[in-house]
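Each chain, written out:
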Amino acid sequence: MTPLPTIAIIGVGPRGTSLVERIGAHLHAAASEPDTAGTDGAEPARDLELHLIEETAFGAGRIWRTDQTRELCMNTLADAVTLFTEPGSSITGPVRVGPTLYEWGLLALATQPTNESATRTTVSDALAAAIDRIPAAHAAVVDAHPIRPGFADAYRRELEAFRPESHPSRALYGEYLEWCLERAIAELPDGVRVIRHRERAVSVVQGDAGRQRIGLRDGGAVEADAVVLATGWLPTIETAEEREFAAVLAERPELSWVRPASPVEQDLSGVSSGEHVIVRGMGMGFFDTMALLTLGRGGEFVADARARGGLRYEPSGREPVLHVTSGRGVPFRAKTLYGSLPPRPEQRFLAGVDWATAPRPIDFDREFWPRIVADAHFDHYRTLRRVRPDAASGTADDVETVIAAAIQPHLAAAPVANPASDRDAADADALEAVAQDVADAVAPFIADAADRLDLLGEMRPVRHVFDSAEAFDAWVTGRVSHDLDEAALGRDSAWKAGLWSVSSARGVANRVGSLGGFDAESRASGFAMLMAVGGMAGSGPPAFRNRQLLALAEAGFVRFIGPRARVAISDAGFTAASPCVTDSQVAAATLIDSWMHFHRLADSSDPLALGLVEAGRARPFRISARSGEPRETGAFDIDSATGLLVHADGSLDNAVHVAGIPVDAALHDTVISPMPGTDPPMLRETDRVARSLIVVARRARSGLSPSRGAAADSAAHHRPLEGAHRV
């Protein structure tokens, strides 16, 4: 008997869950098409075997496990997360609507009783009104696939305070993901058999009869016709510094090092009460570490109108003292309190170009960055003029004209074809020159310098040497306090409007720059600057976390070392000192790295990835330098229409696909959760990969060439991605 077409999904977190849902949608659609129905005794178009391989939690994966502390929250808003497709999206498969995370949480309150005798949960009038506003089609999905019993009671305190702009706990998002997976499995056609393997895949090799043999860590194996790696964050080899630290620590048992990882996977139990600790990283990982070592140890934040930031910290006595540093030396900006989902900036300068017709590769520094700076200053001016007319003179047309004149020389500048040895410094100077020229052009329209947008201060926050650690601490807390004041203004903050414009430009840049859309030089300079500044400005923590940070700094539990602190090991233990802060050196027995290594194929320690590279079935994605020379990125090279791997010799693999974070350096925007109303990149990716998986698996069982069939099918159903430029 001929085996059923078989698909294996390796990694069943958010992306793997979406792949299951998209496979089901495509199978249902295929069964309704006359030319795909089974004939001559062949199995029906919907019949196949689906293997799900996940070593942690099916649906939630490692990062969103439901057993983690509720103190860890998302930095995404509750109504800005969905795993469902929407009408108007550019997917080729059927649209299957469903609730956002926010809607799903409210529907749990509405449909689950508070106790065994109740028939319906009692909710406040405000929540009842919000529930009534949920689209009927979204609510119907929950009615058809009820949420697990006891969920609403387990999360009642969080759900009853739920708003569209709430920051859900990570565990709550994990619950949503697990429900999405179970619903997707339940919606699969009757002829689909699902087999789960709670294990780690360690290899994929060509097996018998053209099938793929997936080796599991426990020695078992799974055979499949089509495979997708949706693994998320992959392990990396140690850096030179990490090897040095590991060697020294083997001889120094009194020292402790918490290696870079997701906070949920880091063991902080060895951090002693009252001890001084060095922490590297001041992004989301740091805020999670901060919460775990304070709230997670019994400390409490109490409202206090007299305190900076409005909170006072009451310690439990189990907290350490955190000395923190990062490349920029300052914490990420707080999320703006819009009271709703964020606005969508006009991006007049950036959107004024038809990027789809621009020749590739694009020089980001020359063509993109000046327009991003222009939009930021223009949005800042317009908001200031609206909110405080006396603070800004002239008209929007006047300011638009002078901004356009200020960026024109930069747009017309000749690109550098042969980078010099000091290229990095030259690029940074050029990027800052754009920001300075636009700031100078707008300055006559904003009399008070304190009201002007200081984009240079975001690009390089620390621009002089502080004469003491105390002075630097005061400066950082003042910066955080000012940012919180601006965040509280919501749409009326001109400062936040300018920064949000920069942050939002990442979406356009990621779309245009995908698949080699930018040249290698500007990708390493201006594009990297946008990701850093945009990330700090728009992907920071909830405002309440920055308020907590201020309270901890006031209580002496957080101190700021300064930017670019070099960490070393001496007789005193770990030491760190910033070149920008006099007398900033600190020593500690513990170092916590509150950040994660991003995926880079050449540095991967994952046996699955290494095996594919060694077999010639995978290679890094390459982009073009201005000289035409190819440069490697950290991503797997893939066929953009299908997700199939590209071999070392440039040919297409016959079965193995990759989706998500391991291809981020090629596709971009793979880390962001799908946002409703945005035609999310993740759902477009899972839709096209799911279709290819079905095509490959069915053609393998029919005796046709899988890769030839998949490529031909994709050509008929997919447009090239906007930034595509292969070298």
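Structure: see above.
Notes on the structure in this doc start here.

Quick notes on the rules
Residues numbered from 1 in each chain as written. Predicted model: local features only at pLDDT ≥ 70, side-chain atom pairs only at ≥ 80, totals over all residues. Heavy atoms only, no water. Buried < 20%, exposed > 50% of the residue type's maximum accessible area, 1.4 Å probe, protein only. Helix = DSSP H or I, 4+ residues; strand = E, 2+ residues; numbered from the N terminus. Arc of directions from axis to C-beta. Contact = heavy atoms within 4.5 Å. Pairing = 2+ DSSP bridges. Axes fitted to C-alpha atoms, helices over the stretch in contact; angles between N-to-C directions. Expected span 1.5 Å × (residues − 1). Core = buried A, V, L, I, M, F, W, Y, C linked by side-chain atoms within 4.5 Å. Phe/Tyr/Trp six-rings, centres within 6.5 Å; stacked < 30°, edge-to-face > 60°. Lys NZ or Arg CZ within 6 Å of the ring centre and 35° of its normal. Parallel < 35°, antiparallel > 145°, perpendicular 65-115°, else oblique. Left-handed = near helix turned anticlockwise from the far one by under 90°. Nonpolar A, V, L, I, M, F, W, Y, C, P; charged D, E, K, R; others polar. Salt bridge = Lys/Arg side-chain N within 4 Å of Asp/Glu carboxyl O. Disulfide = S-S within 2.5 Å.

## As for helix H3 (residues 125-132)
The α-helix advances 3.6 residues per turn, and as a result positions three or four apart in sequence lie on the same side.
Here's step 1: Taken residue by residue, H3 has Leu127, Ala130 and Ile131 as its buried positions. Angularly, the buried residues of H3 cover 100° about the axis, an arc narrow enough to put them on a single face. With respect to the buried face of H3, the exposed residues turned more than 90 degrees away are Asp125, Ala126 and Asp132.
Here's step 2: Buried residues in H3 make contact with helix H2 (101-111) and helix H6 (156-160).

## Brief notes about the sheet that holds strand E5 (residues 212-216)
Here's step 1: Spatially, 3 strands are ordered E4-E5-E6 in an open sheet, and the strand pairing comes out antiparallel. Of all strands in the sheet, those bounded by a partner on one side alone are strand E4 (201-206) and strand E6 (221-224). Neighbour-to-neighbour, the strand axes of the sheet open up by a mean angle of 20°, direction not taken into account.
Here's step 2: Sheet topology note: the E4/E5 ladder contains 5 bridges and is antiparallel. Counterpart to valine 205 in the pairing with E5 is arginine 213.

## With respect to helix H14 (residues 469-488)
Here's step 1: End to end, H14 covers 29 Å across 20 residues, agreeing with the expected 28 Å (1.5 Å per residue, within 8%).
Here's step 2: Along H14, the residues that are buried comprise Phe472, Val476, Thr477, Arg479, Val480, Ser481, Asp483, Leu484, Glu486 and Ala487.
Here's step 3: Considering only its buried residues, H14 is in contact with helix H13 (455-459), helix H15 (494-513), helix H16 (520-538), helix H17 (543-555) and strand E13 (558-563).
Here's step 4: Following H14 by one or two positions, glycine 490 has its phi on the positive side, about 60°.

## Some remarks on the nonpolar core
Here's step 1: Among the nonpolar cores identified, the biggest contains 48 residues, and Phe364, Phe368 and Trp369 are the most heavily contacted of them.
Here's step 2: Going through the elements one at a time, helix H10 (364-387), helix H11 (396-411), helix H12 (423-442), H13, H15 and H16 are the ones with two or more residues in this core.
Here's step 3: With sequence-adjacent residues up to four places away left out, phenylalanine 364 is seen in contact with Trp369, Pro370, Ile372, Ala509, Phe518, Ser522, Gly526, Phe527 and Leu530.

## Digging into the packing of aromatic side chains
Here's step 1: Taken as a whole and judged by the stated rule, the model has 26 aromatic pairs.
Here's step 2: Ring geometry for phenylalanine 364 against phenylalanine 368: centres 5.3 Å apart, planes inclined by 20°, an arrangement best described as stacked. In this pair, phenylalanine 364 and phenylalanine 368 both sit in helix H10, 4 residues apart, roughly one turn of the helix. Considered together, phenylalanine 364 and phenylalanine 368 belong to a single accessibility category, that of buried residues.
Here's step 3: Between the NZ or CZ atom of arginine 70 and the centre of the ring of tyrosine 155, over which it lies, the distance is 3.7 Å.
Here's step 4: Here arginine 196 stacks its cationic end above the ring of phenylalanine 58, 5.6 Å away from the centre of that ring.

## Structural notes on the packing of H15 against H16
Here's step 1: Interaxial distance between H15 and H16 falls to 8 Å at its minimum, and their mutual angle equals 130°. For the element pair H15 / H16, the angle class is oblique. Between H15 and H16 lies a crossing of left-handed hand. Where H15 abuts H16, its residues Leu499, Trp500, Val502, Ser503, Ala505, Arg506, Ala509 and Asn510 lie against Phe527, Leu530, Met531, Val533, Gly534, Gly535, Ala537 and Gly538.
Here's step 2: Partitioning the contact of H15 with H16 into residue classes produces 10 nonpolar, 5 polar and 1 charged.

## Here's the deal with the packing of H14 against H17
Here's step 1: Put simply, H14 and H17 touch, their axes get as near as 10 Å, and they point 150° apart. Note that H14 runs across H17; the crossing there is left-handed. On the side of H14, the interface is formed by Thr477, Val480, Ser481 and Leu484, while H17 contributes Ala543, Asn546, Arg547, Leu550 and Ala553.

## Things to note about the environment of alanine 136
Here's step 1: Inspection of the secondary structure assignment puts alanine 136 in helix H4 (residues 136-144).
Here's step 2: Here alanine 136 falls in the exposed class, since its relative accessible area comes to 63%.
Here's step 3: Sequence separation between alanine 136 and proline 99 is 37 residues, and the spatial gap between their C-alpha atoms is 9.8 Å.

## Some thoughts on the sheet that holds strand E14 (residues 566-570)
One key point about sheets: their strands pair by backbone hydrogen bonds, in either a parallel or an antiparallel sense.
Here's step 1: Strand order in the open sheet made by the 3 strands is E14-E15-E16, with antiparallel pairing throughout. This sheet does not close on itself; its edge strands, each paired only once, are E14 and strand E16 (586-588). Between one strand axis and the next, the sheet turns by 30° as a mean value, whatever way the strands run.
Here's step 2: Here 5 bridges tie E14 to strand E15 (residues 573-577), and the two strands are oriented antiparallel to one another.

## With respect to the pairing of E6
Here's step 1: Residues of E6 alternate between two faces, with Val222 and Ala224 buried on one and Ala221 and Glu223 left unburied on the opposite face.
Here's step 2: In this structure, E5 lies alongside E6, joined through 4 bridges in antiparallel fashion. Across the sheet, the residue bridging to glutamine 212 is alanine 224, located in E6.
Here's step 3: If you look at the hairpin formed by E5 and E6, you'll find 4 residues sitting between the two strands, and glycine 219 has a positive phi there, around 95°.

## What to know about the pattern of salt bridges
Here's step 1: Enumeration according to the criterion identifies 48 salt bridges in this entry.
Here's step 2: Among the salt bridges present, the one from arginine 312 reaches aspartate 304, with a minimum N-O distance of 2.9 Å.
Here's step 3: Classification of arginine 312 by relative accessible area gives partly exposed; the value is 32%.
Here's step 4: Classification of aspartate 304 as buried rests on a relative accessible area of 11%.
Here's step 5: Between arginine 479 and glutamate 458 there is a salt bridge, with its nearest N and O atoms 3.5 Å apart. Placement of arginine 479 in helix H14 and of glutamate 458 in helix H13 is noted, with a sequence separation of 21 residues between them. Comparing arginine 479 with glutamate 458 shows no difference in burial state: the two are buried.
Here's step 6: Shared partners join several salt bridges into a network, and the residues in it are Asp363, Arg366, Glu367, Asp519, Glu521, Arg626 and Arg631.

## A closer look at the state of the cysteines
Note on terminology: disulfide describes a covalent bond linking the sulfur atoms of two cysteines.
Here's step 1: As enumerated under the stated definition, the model contains 0 disulfides in all.
Here's step 2: Here cysteine 73 is not cross-linked by a disulfide; its sulfur's nearest cysteine counterpart is in cysteine 180, at 20 Å.
Here's step 3: Among the residues examined, cysteine 73 registers a relative accessible area of 5% and is labelled buried.

## With respect to the environment of glycine 507
Here's step 1: Here glycine 507 lies in helix H15.
Here's step 2: On a C-alpha basis, the gap between glycine 507 and leucine 411 in space is 21 Å, while along the polypeptide they are 96 residues apart.

## Points about unusual backbone geometry
Here's step 1: For the bond running from arginine 360 to proline 361, omega is -10°, close enough to zero to count as cis.
Here's step 2: Within the secondary structure, proline 361 is located in the loop between strand E12 (321-326) and H10.
Here's step 3: The phi dihedral of alanine 209 falls on the positive side, at around 55°, and the residue is not glycine.
Here's step 4: As for its position among the elements, alanine 209 is in the loop between E4 and E5.
Here's step 5: Residue classification places alanine 209 among the exposed residues on the basis of a relative accessible area of 72%.
Here's step 6: The backbone of arginine 564 shows a phi angle near 50°, a positive value even though the residue is not glycine.
Here's step 7: Along the chain, arginine 564 falls in the loop between E13 and E14.

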